[in-house]
Amino acid sequence: MSPSLDFSKWGWVKEASNSTSSSMKGNPVVVTMENPNYSVLEINGPDSAFQPVNKDRTKNAKQFTWVLLLKAHKAVNCVAWIGNSLCSLLSSVKKRLFFGAVESDESDKSMKAKVLFRVIVAFLVVAMAFLLFEIVAHFKGLYYFHNHNLHVPQTWEIKGLFHEVYVKWLEFRVDYIAPPIQYLSNFCIILFLIQSIDRMVLCLGCFWIKFKKIKPLVVEGNVEDDLEGSNYGYPLVLVQIPMCNEKEVYEQSISAVCQLDWPKDRLLVQVLDDSDDESIQWLIKGEVAKWSQKGINIIYRHRKFRTGYKAGNLKSAMNCDYVKDYEFVAIFDADFQPCPDFLKQTVPHFKGNPELALVQARWTFVNKDENLLTRLQNINLCFHFEVEQQVNGIFLNFFGFNGTAGVWRVKALEESGGWLERTTVEDMDIAVRAHLNGWKFIYLNDVKVLCELPESYEAYKKQQHRWHSGPMQLFRVCLPAIITSKIAFWKKTNLILLFFLLRKLILPFYSFTLFCIILPLTMFVPEAELPIWVICYIPVFMSFLNILPAPKSFPFIVPYLLFENTMSVTKFNAMVSGLFQLGSSYEWIVTKKSGRSSEPDLLAAEERDSKAMSLQLHRGTSDSGLSELTKIKKLHETVPAKKMNKIYKKELALAFLLLTAAIRSLLSSQGMHFYYLLFQGVAFLLVGLDLIGEQMS
């Protein structure tokens, strides 16, 4: 039945008076529609349709027209906004493709390092071929993939060559492709569950520590009377600042260390400069000379041959003759700014505890809210410090040394073999060897040291590559020592199964294999399927646990989950490189810093930068050195460094693989799979085009 056309209900026409209705002229006209589905519309007379419209009706009609125009305007604005956003995205993509330098690390130049990229591209090509095949089958009416109980039609049921080929493909898929994918999927699910249980146990341990208020304690008393190792009350402490081409952060780091609240005659600062840029060497020398003029015992050391990276630098510094007189050594990377009372909060823990080798402090970040990338890093590292290191420190007295913001007993370093150059994770190496020699560690969650997070994806990726390839190198070389050591069996089990295998090898393996390879493949091989709880429920729950130590970051839980899966390709590649000793596993690239300071320092940054460098360094340099520094400053002002965003091929290939699988999932009406694949594919696309983190022009 057709809709009613009585507009009087809309308030457009007032009821006519009896006199008006009686004066209407004309005969009734009946209009009969040929289509029987429509009802008959009756008009009383020809004049009724053309009567003068009163003022109120005209007014209301105009208002209705304006409403329609406003809604149309809003719709046009919405379309224009979407179009502008799309154009901006396409423009950014064009800039990345035209101006961006394709990823050209030394690791990519070797044939071995390109294997993973070629494997991903092969999967992408196969997936696109499968998708094309399924689309053709879909339009031909072959919906066999909708039914989990697959029915393969018989010969008499099919017609045409394509139908016959499709049936053969279904039989081959069921018999030969689906079983191995399902077996690998089940294996990864088991690893996923084991790793999830480990995370839950760590979270329960952290909750117990908070509930019972457990923390390492020191012997009560005055610091001057209780600190061990010297008749003067304060032990001799050596502070080392290893750095390499750290032009952005050297000044604030040296300044913070030189302001430590410790007797000057009981403290020595070593600035271990491995810079190969002569201009940066001059700048650091000038800063050291400035603090030396203020009465600080500070030494500048530079190696002519930079062998062994940071481990070689620390080893060379510890071989100095005067080091044997010092009982403790504190290590700070170039971007770390300890509080003045750092040594008074850490060194007292060594008193009365001769088995203690290391006191590790927590990191805090001055730029954690700078961009989305730093916010996501803050979530990860908060869980690492608040949960992993605190629980292991309280219940096991062992954790991996973070390489900085820690105080070592010099005797423990010497008895454990000192710094070795065999891996790129010298901090974890010395921690494992000290643990095998019976030494204990303490983690102080309340003692915090300011530092800086990488703000660009390029710097973060290189950092994560080193952090995940180094442990696999170390596992290869130290496994015999762990097995033959005299420590308890449960400690050996913890080192091998939990510390190395579960948290350093299994985590990147199942994360990449399960969510980046198997899940897209199951869209083309529906006989091997992943349960919805593996894709959605458990990952969301684990992400919720990971974000608990940083509750202010809760709105970023979805980007965090997607980004962690995106980083799995970098971590998996690094893990394989370290495990099989590929060329990139020995690569060490210093993480780029932006030189951000704490909030008080930022307020004074403009005033500090406005001062001439010659006035800052006049007291500690010669006339020739001052002239050289002035030239260097002018050079840096006139020739600013220009950087380019990169294109990351592995991430882009995986983005297209996941988006292809999302289209295939849309054909089979798998809702949750489709949304996950779509958003994850977009996340890979953004990372592959370097659209996350600091934007460099």
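Computed from a predicted model, the values in this text were never measured in an experiment.

What follows covers the overall build of the chain. On a plain count of helices and strands, the chain comes out with 23 helices and eleven strands. Per-residue burial for the chain yields a buried fraction of 47% across its 697 residues. Sequence-distant contacts, at least 24 apart, represent 80% of the contacts inside the chain between residues at least 6 apart. Of the roughly 36300 Å² that the chain leaves accessible, carbon and sulfur atoms contribute 61%.

With that settled, the discussion passes to helix α9 (residues 309-318). With seven of ten residues buried, α9 lies mostly within the body of the structure. Where α9 is concerned, the buried positions are K310, A311, G312, N313, L314, A317 and M318. Here the buried face of α9 lies against β4 (237-243), β5 (267-273), β6 (298-302), β7 (328-331), α12 (410-415) and α13 (426-436).

Moving on, we come to unusual backbone geometry. Of note in this structure, N245 is not a glycine but carries a positive phi near 55 degrees. Relative to the helices and strands, N245 resides in the loop between β4 and α7 (250-258). Exposure remark for N245: the relative accessible area of 28% places this residue in the partly exposed category. Not every positive phi belongs to a glycine, and D690 is a case in point at roughly 60 degrees. Within the secondary structure, D690 sits in the segment after α23 (671-688).

Once that is clear, we can look at the sheet that holds β6. The seven strands lie next to each other as β6-β5-β4-β7-β9-β8-β10, forming an open sheet whose pairing is mixed. Only two strands of the sheet have a single partner each, and these edge strands are β6 and β10 (440-451). Along the sheet, successive strands turn relative to each other by an average axial angle of 20 degrees, direction set aside. Of the pairings in the sheet, the one linking β5 to β6 comprises five bridges and is parallel in character. Counterpart to V271 in the pairing with β6 is Y300.

On to the side chain of R409, then. In this structure, R409 sits in strand β9 (residues 406-409). Given a relative accessible area of 11%, R409 falls into the buried group.

The subject of this paragraph is helix α22 (residues 649-667). Compared with the 27 Å implied by 1.5 Å per residue over 19 residues, the 28 Å span of α22 between its first and last C-alpha is a close match. Burial of α22 is extensive: 14 of the 19 residues sit out of reach of the surface.

Counting residues in hydrophobic clusters, the biggest one holds 87 residues, and the most contacted among them are I254, W408 and F500. Not counting residues up to four positions away in its chain, the partners in contact with F500 are M428, V432, P471, M472, L474, F475, C478, I482, L495 and L505. Grouped together as the second largest cluster of nonpolar side chains are 54 residues, F524, V525, I535 and L658 included.

Our focus in this paragraph is the UniProt feature "transmembrane region" (unreviewed entry) in the chain. Here, UniProt's "transmembrane region" (unreviewed entry) annotation points to residues 115-139, 183-209, 495-524, 530-548, 652-667 and 673-692. End-to-end, the C-alpha atoms of residues 183-209 are 40 Å apart, and along that stretch the chain is 100% helix and 0% strand. In residues 673-692, the share of helix is 80% and the share of strand is 0%. The end C-alpha atoms are 25 Å apart.

Tallied over the entire structure, the rule returns 16 salt bridges. Here D198 makes a salt bridge to R503, at a shortest N to O gap of 3.0 Å. With D198 in helix α5 (residues 161-212) and R503 in helix α15 (residues 489-524), this pair connects stretches of sequence that are 305 residues apart. By relative accessible area, D198 is classed as buried at 10%. Judged by relative accessible area, which is 17%, R503 ranks as buried. K571 is the salt-bridge partner of E564, the closest N and O atoms lying 3.4 Å from each other. Among the charged side chains, a salt-bridge network with shared partners connects K210, R362 and E386.

This part covers the packing of aromatic side chains. Counted by the stated rule, this structure contains 26 aromatic pairs. Judged by centre distance (6.4 Å) and plane angle (35 degrees), the ring pair of F509 and F572 falls under tilted. Separated by 63 residues along the polypeptide, F509 in helix α15 and F572 in helix α17 (residues 557-579) bring together distant segments of the chain. Residues F674 and Y675 carry aromatic rings whose centres are separated by 5.4 Å and whose planes lie at 65 degrees to one another, so their mutual orientation is edge-to-face. Given a relative accessible area of 46%, Y675 falls into the partly exposed group. A connected cluster of aromatic rings, assembled from ring pairs, spans F336, W363, F385, F398, F399, F401, W408, F441, Y443, F475, F499 and F500.

Where α5 meets helix α16 (residues 532-547), the closest approach of the two axes is 11 Å, and the angle between their N-to-C directions is 25 degrees. Comparing their axes, α16 and α5 come out roughly parallel. The handedness of the crossing between α5 and α16 comes out as left-handed. Residues I189, F192, L193, S196, R199, M200 and C203 of α5 lie in contact with α16, whose contacting residues are W533, V534, I538, P539, F541, M542, L545 and N546.

Calculation criteria
Residues numbered from 1 in each chain as written. Predicted model: local features only at pLDDT ≥ 70, side-chain atom pairs only at ≥ 80, totals over all residues. Heavy atoms only, no water. Helix = DSSP H or I, 4+ residues; strand = E, 2+ residues; numbered from the N terminus. Buried < 20%, exposed > 50% of the residue type's maximum accessible area, 1.4 Å probe, protein only. Contact = heavy atoms within 4.5 Å. Areas by Shrake-Rupley, 256 points an atom, 1.4 Å probe, with all protein chains shown as cover. Pairing = 2+ DSSP bridges. Axes fitted to C-alpha atoms, helices over the stretch in contact; angles between N-to-C directions. Expected span 1.5 Å × (residues − 1). Core = buried A, V, L, I, M, F, W, Y, C linked by side-chain atoms within 4.5 Å. UniProt positions renumbered as here; feature names shortened; annotations may be inferred. Salt bridge = Lys/Arg side-chain N within 4 Å of Asp/Glu carboxyl O. Phe/Tyr/Trp six-rings, centres within 6.5 Å; stacked < 30°, edge-to-face > 60°. Parallel < 35°, antiparallel > 145°, perpendicular 65-115°, else oblique. Left-handed = near helix turned anticlockwise from the far one by under 90°.

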